[in-house]
Amino acid sequence: MSYWQNVRKPQRACPRIRLGFEDSVGRPVQSLGIASAFPQAVRYLMIRTRFAPSPTGYLHIGGVRTALFNWILARQSGGQFILRIDDTDAGRNVEAALQPILDGFRWLGMDWDEGPEVGGAHGPYFQSQRGELYADAIAKLLASGHAYRDFAKPEELQALREAARESGQAFVYDRQWMAEDDATIEKYEAEGREGVVRLKMPREGQCVINDLIRGEVVVEWASEQDHVIARADGSPLYHLASVVDDHAFGITHVVRAAEHLPNTPRQVFIAQSLGYPLPTYAHLPYVAEPGGTAKLSKRKLDKYLKNRDFANLMARGKAIAERCSLTTEDDTFNPVLVDFYREIGFLPDALLNYLMLLGWSLDGEHEKFTREEMIKLFTLDRVNKAPASFDPAKLTSFQADAFAGLPDDQRTELVKPFAIAAGWVESGDAASEQRLADVVAAAGDRLKMAGDIIDFDYCFVDDYQINDKAYQKRIVKPAKAVELLAKLRDHLSACDDFSAAAVEKFVNDFCEQESIGLGEIIHALRVATTGAAGGFGMFDTLAVVGKERTLSRIDQTLAKVS
RNA sequence: GGUCCCUUCGUCUAGCGGUCUAGGACACUGCCCUUUCACGGCGGCAACACGGGUUCGAGUCCCGUAGGGAUCACCA
């Protein structure tokens, strides 16, 4: 079924137009490799989407996926992606809490056309600065009878709610403290009551939501509450502000997480009461916790740590953070949050590619996409309805694959900040930078993420840790290991050119001389010189470690064993 | 509890009535390659929640049941 056919009741603020087999700037899709096999013939023209974070100080991975879909929709249609800040809840330290979010977007390469720092024709983009618009809307709603002033005390309402719940009935406010005329308002105010503004929701009929992902969702109006849209001091609440802004910004598609689906009827009511055309809704399934079905939450770290793959990722992150002196104290160092991945050296494209596949698929065969392909190939009609659980192992696999695909010089640049942070490389110091480049080249795909460079600390520092298990197996246990190592050490001391090729020749000559196979000495040599059970090519390793350290480490090992 | 949503391998998914003895990917695992560790190649394990319909034929359509989830604020 095409995107077209899936739309049963067109409800749109902008006309839907067929674009044909070309992208937003008119290039034929055939120029895009696999994209040519999936021409998405039907598109909206100029989709305007928005992502509306509240300034919390961090970017949740599920939020990023929602933002990604919004961003793609705007980009693929030549429309706009808008960032709006939902700070109606008292502006405590908005500036500080917003910065990490904007940084996250920048790191991910999801640019916004309108919003904080870039402005736009519909600003301001902070809800705390749009009070007049909301006040107008509230006044209109009051005037048209779609809302009313209500003087119930919170505890009075709470009692009613509890009573309804106990009797198993849906709570329906009987509007007993509703005040629709001045006399009543004055009476309640004289009693010292405070009046909020409530929606006067319909008590009969149905609300039909036409959702691009869920299809037709029907809700009885009677099951809806008379939601509060303004506090006693007149300040607006989220739903009112959201609807007013979506309309003011000309949002054509409201694409958000499924937990907003139950909120949609009241928003539809607000929009309709204000005479707004309805945007097209699409409610995405939420991202679920690893191995589970509950919504992924940043607060359940302890629980997720029981998942092997999640624990491995976290452990990797901690190891990198520790070696590179990153701060893991604050609670943003958490695989549920985007910061984590930036800090340990993930590629934004890999993260995005993985996230796109959470709840969406092209055909079940193709999974790896360039950013251009993501934009080209994504369609809402292929988004699943069921929650998708976050799989750290698969994410890591995507990252490893993408990282390995980069040329050595790029990987070196990405790794460099980590090497510098670890104190192994000095920026501008040619010798240490060259060493780093050598290690990165030799390490090849053993580097899954930039922070993995920490595994090769023995290439950079004098001190090195000896893996005891490997030491026992390769040095203590084999009968001739120590003897051979001692002989090889003397042999190597005569090797002045310590390039990989030259060292290889020296070691091979040694083996021939002793009538042994390379395999009989190489393991002991590796453990002695690196302390590790594995690593990249032995001779590349020796060349990077250098003659001086190679010899002294063999000496240390020999001393340790005797 | 009310309302709404969801249900194919451990996980992400393909599947739009016959081509499904259910395909791909990650994970796990066997073998090969190999100086180690990786990579790579070739295999393996593993799923249509259950019950009724509709139909010549159902993973695919309908209805129930069960299970899971979201949401029920003067938060966003």
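Residues numbered from 1 in each chain as written. Chains lettered and ligands numbered in written order. Predicted model: local features only at pLDDT ≥ 70, side-chain atom pairs only at ≥ 80, totals over all residues. Heavy atoms only, no water.

Draft legend 1. Region of the structure containing the sheet that holds strand β8 (residues 228-230). Across the sheet, which stays open at both edges, the 4 strands sit in the order β4-β3-β5-β8 with antiparallel pairing between neighbours. Since the sheet does not close on itself, it has two edges, and those belong to β4 (178-179) and β8, each with one partner. In the sheet, strand β5 (residues 196-199) pairs with β8 via 2 bridges, with the strands oriented antiparallel. The residue of β8 that forms the bridge with V197 is A230. (Pairing = 2+ DSSP bridges. Helix = DSSP H or I, 4+ residues; strand = E, 2+ residues; numbered from the N terminus.)

Draft legend 2. The arrangement of the nonpolar core in detail. Grouped together as the largest cluster of nonpolar side chains are 95 residues, with contacts concentrated most on F105, Y341 and W360. Per element, the largest residue contribution to this core is 9 residues, and it comes from helix α2 (residues 61-77). The contacts of F105, once residues within four sequence positions are left out, are F51, L59, A67, F81, L83, M110 and W112. (Core = buried A, V, L, I, M, F, W, Y, C linked by side-chain atoms within 4.5 Å. Buried < 20%, exposed > 50% of the residue type's maximum accessible area, 1.4 Å probe, protein only. Contact = heavy atoms within 4.5 Å.)

Draft legend 3. Local environment of helix α7 (residues 238-248). Summarising burial for α7: 8 of the 11 residues are buried, a large majority. Within α7, burial applies to H239, L240, A241, S242, V243, V244, D245 and D246. Positive phi shows up at G250, right after α7, with a value of about 70°.

Draft legend 4. The arrangement of the packing of aromatic side chains in detail. For the structure shown, the criterion picks out 18 aromatic pairs. With centroids separated by 4.8 Å and ring planes inclined at 55°, the aromatic side chains of F333 and F340 adopt a geometry described as tilted. Grouping residues by exposure puts F333 and F340 together as buried. Where Y341 meets F346, the ring centres are 5.0 Å apart and the plane angle is 75°; that geometry is what we call edge-to-face. Each member of the pair, Y341 as well as F346, carries the same accessibility label: buried. (Phe/Tyr/Trp six-rings, centres within 6.5 Å; stacked < 30°, edge-to-face > 60°.)

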